[in-house]
Amino acid sequence: MNWGGPSFVIAIIAISTAGWVINNWIRARHGYPLENEWKGISAKGDPDADRKIDLLSSENDRLHGQISRLEERIAVLERIATDPADRVARDIDALR
């Protein structure tokens, strides 16, 4: 093979292009983001994933509020358990 001829240059270009195509095919098959022509990353959009993120975020907010309320209730129960009995009785009578 003539190393300085145009067939060598064309072979290098063909090998590079085939490698790029195979690389992107494997990445797409396994769900990795793909590279575009300008070295940027173009992620595959998944509307189900966006919906799941929104649902999990709202559930997280709800659970955070629930935990806050439970922490407040536990603090009250700890105060009742550690305070002297006569003070608790006076506080209960004061509330009536």
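Preceding block: the structure.
(A) Highlighting the overall build of the protein chain. Counting secondary structure elements, the protein chain contains three helices and two strands. Along the protein chain, helices and strands appear, N-terminal first, in the series α-β-β-α-α. Residue burial in the protein chain is summarised as follows: out of 96 residues, 4% are buried. Accessible area for the protein chain stands at about 8800 Å²; split by element, carbon and sulfur atoms hold 61% of it.

(B) Region of the structure containing a negative patch on the surface. Taken together, D46, D48, D50 and D54 make up a surface patch of like negative charges. You can see D46 is positioned in the loop between β2 (41-42) and α2 (47-82). Judged by relative accessible area, D46 falls into the partly exposed class, the value being 39%.

(C) Local environment of helix α1 (residues 6-29). Between its terminal C-alpha atoms α1 stretches 34 Å, which fits the 34 Å expected from 24 residues at 1.5 Å a residue. After α1 finishes, the residue G31 shows a positive phi value of roughly 85 degrees.

(D) Focus on a nonpolar patch on the surface. Together, I22, W25 and I26 make up a nonpolar patch on the protein surface, roughly 320 Å² of accessible area in all. Here I26 is to be found in helix α1. When its relative accessible area of 39% is taken as the criterion, I26 is described as partly exposed.

Basis of the calculations
Residues numbered from 1 in each chain as written. Predicted model: local features only at pLDDT ≥ 70, side-chain atom pairs only at ≥ 80, totals over all residues. Heavy atoms only, no water. Helix = DSSP H or I, 4+ residues; strand = E, 2+ residues; numbered from the N terminus. Buried < 20%, exposed > 50% of the residue type's maximum accessible area, 1.4 Å probe, protein only. Areas by Shrake-Rupley, 256 points an atom, 1.4 Å probe, with all protein chains shown as cover. Patch = residues over 30% accessible without salt bridge, like charges linked within 9 Å, V, L, I, M, F, W, Y side chains within 5 Å. Salt bridge = Lys/Arg side-chain N within 4 Å of Asp/Glu carboxyl O. Lys, Arg positive; Asp, Glu negative; His and termini not counted. Charge placed at Lys NZ, Arg CZ, Asp CG, Glu CD. Expected span 1.5 Å × (residues − 1).

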